[in-house]
Amino acid sequence: MTAPKKLYIKTYGCQMNVYDSERMAEALGGQGYVPTDRADDADMILLNTCHIREKAAEKVYSELGRYKSLKADKPDLKIGVAGCVAQAEGEEIMRRQPLVDLVVGPQSYHRLPALEAKTRAGEKALDTDFPEDDKFEALKRRPKAARGPTAFLTVQEGCDKFCAFCVVPYTRGAEVSRPADRILTEARDLVERGVREITLLGQNVNAYHGAGAGGDWSLARLIWALNDIDGLERIRFTTSHPNDMTDDLYEVHGTCPKLMPYLHLPVQSGSDRILKRMNRSHTAESYLRCIERLRAARPDILLSGDFIVGFPEETEADFQATLDLIEAVGYGYAYTFKYSTRPGTPAAERVQVPEDVKDDRLQRLQALITRQQRAAQDAMVGQEVGVLFEKPGRLVGQMVGKSDHLHAVHVTAKGVSPGDLRQVKIVESGANSLAGVLV
Ligand code: 5AD
Ligand code: SF4
């Protein structure tokens, strides 16, 4: 018997890429690959790239450059680039870096086995199509491999919103929702393999409208169907757009027992003028109304958001409006970004805010967010929350997991295993985590 080939995948960017990397590993498992976490041990290296941040392509090229000596030592080593940089750059990658054997865009992963075979035949393989066939159906999960307690499950891909700063509509294409029955089959399979918490993923996950029994299913309907799966304990979803917050979603947050009290709802800016220039098609006021309705439905819901500072034409007054909005909401977490240009997007052509102004605004924004994050964490002290334990902690006898509100929690207790969901009383709030005791 020949030894299995080893696959090293390096994943950049969002949770959807994490999910895709898993599925790619499974697809190549059928070709005789087993995963390795060392590039120097691999027969195939796959970079699953992200294009959302600045200089993404440059980072990929510099990473690829590092593999030169590996390939010199092992001429059979195959090197591939997947993900959004692969989609955006295409053939240019092979031109610029002859080490690369394979380039595959996010919509073509189900064709990986054929592309891999092509590289083994000594050819270069490139696929950046947006094919009609259902990639996820073709990328069937290998059954029965055991899983940790949490999993991602992509239900929707792509985006039709065209925010003026964002490359997603270009790299991931138009919004597509997977059929509900396939998602439910995959969810049941994950639960059989030990998963207790599923996070539904999509670039615009709350715009989900997949085919299902009786017609079109909304995200809320999908969540209710997941709620019926025995053994599944927790449901989350991300990322949502304020304009797609429908009545049934507010309702599901108030009434569905397994849906966790947490929502990531990016607003990007608190200035209506900038929101308009961003092509966000909502206002600060309409966003605040979403938050009000969410809190009315689920008073303990924890909110997180994304913010961009230094978008073209942003004035100090616009930035102040963002700070005001953050004060009004009170976030549990937030992800803060300096605007950076993406070639091909409308905002890239506009007059840019100077770098030092962006830096200054980012610092002030982060200071406010850190205060809010800390306050949200401190407010948990004395409360009882559910914690899904995932793994041993740093100290002997410690176990760590995530609370219902997605805070990292550690306890020191006997008889707790990964996958256990227990009630925990929070006793202390640290820099980045909470300490608790079993109830
Ligand atoms: N510059 C800065 N931040 C960006 N994001 C997306 N595109 C850009 C860009 N060009 C941020 C947005 C989005 C998050 C995933 O990344 O805040 O919500
Ligand atoms: Fe990008 Fe806007 Fe679509 Fe989100 S909603 S993926 S920020 S274009």
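Definitions and limits used
Residues numbered from 1 in each chain as written. Chains lettered and ligands numbered in written order. Predicted model: local features only at pLDDT ≥ 70, side-chain atom pairs only at ≥ 80, totals over all residues. Heavy atoms only, no water. UniProt positions renumbered as here; feature names shortened; annotations may be inferred. Helix = DSSP H or I, 4+ residues; strand = E, 2+ residues; numbered from the N terminus. Near = heavy atom within 4 Å. Polar contact = N/O pair within 3.5 Å; in protein donor to acceptor, adjacent residues only side chain to side chain. Areas by Shrake-Rupley, 256 points an atom, 1.4 Å probe, with all protein chains shown as cover. Nonpolar A, V, L, I, M, F, W, Y, C, P; charged D, E, K, R; others polar. Pairing = 2+ DSSP bridges. Axes fitted to C-alpha atoms, helices over the stretch in contact; angles between N-to-C directions. Contact = heavy atoms within 4.5 Å. Salt bridge = Lys/Arg side-chain N within 4 Å of Asp/Glu carboxyl O. Buried < 20%, exposed > 50% of the residue type's maximum accessible area, 1.4 Å probe, protein only.

A.B. asks: Can you help me understand the UniProt feature "domain: TRAM" (unreviewed entry) in the chain in this one?
C.D. replies: Per the UniProt record, "domain: TRAM" (unreviewed entry) is annotated on residues 378-439. The span residues 378-439 is 2% helix and 55% strand, and its two end C-alpha atoms sit 19 Å from each other.

A.B. asks: Whenever I open this one, the site of ligand 1 confuses me. Can you help?
C.D. replies: Inspection of the region around ligand 1 gives Ile52, Arg53, Phe165, Gln268, Asp306, Ile308, Phe337, Lys338, Tyr339, Ser340 and Arg342 as its neighbouring residues. For ligand 1, an oxygen atom lies 2.6 Å from a polar atom in the side chain of Gln268. A distance of 2.8 Å is found between a nitrogen atom of ligand 1 and a backbone nitrogen or oxygen belonging to Ser340. Contact with the protein chains covers 87% of the free accessible surface of ligand 1, which is 410 Å². Elements represented by at least two residues in the shell around ligand 1 include exactly β15 (302-309) and β16 (333-338). Classifying every residue of the shell around ligand 1 by side-chain character gives 5 nonpolar, 2 polar and 4 charged.

A.B. asks: Teacher, can you tell me more about the sheet that holds strand β13 (residues 234-238) here?
C.D. replies: For sheets, the rule is that strands pair by backbone hydrogen bonds, running either parallel or antiparallel. Spatially, the 3 strands line up as an open sheet ordered β7-β10-β13, and their pairing is parallel. Strand pairing shows two members of the sheet lacking a second neighbour, β7 (150-154) and β13, which therefore form its edges. Ignoring which end each strand starts from, the neighbouring axes of this sheet average 25° apart. Taken together, the 5 bridges between strand β10 (residues 197-201) and β13 define a ladder with parallel strand orientation. The residue of β13 that forms the bridge with Thr199 is Arg236. Helix α1 (residues 15-29) contacts β7, β10 and β13 of the sheet and is inclined by roughly 95° relative to β7. Across the sheet, helix α9 (residues 180-192) lies against β7 and β10, angled at about 165° from β7, the strand it touches most.

A.B. asks: Explain the pattern of salt bridges here, please?
C.D. replies: Oppositely charged side chains are able to pair whenever their charged atoms sit close together. Applying the stated criterion across every chain, the model contains 39 salt bridges. Note that Arg95 is salt-bridged to Glu92, the shortest N-O span being 3.3 Å. Here Glu92 and Arg95 lie together in helix α5 (residues 91-96), a separation of 3 residues that amounts to about one turn. When its relative accessible area of 59% is taken as the criterion, Arg95 is described as exposed. One network of salt bridges, in which partners are shared, links Arg23, Glu26, Arg178, Glu186, Asp189 and Arg193.

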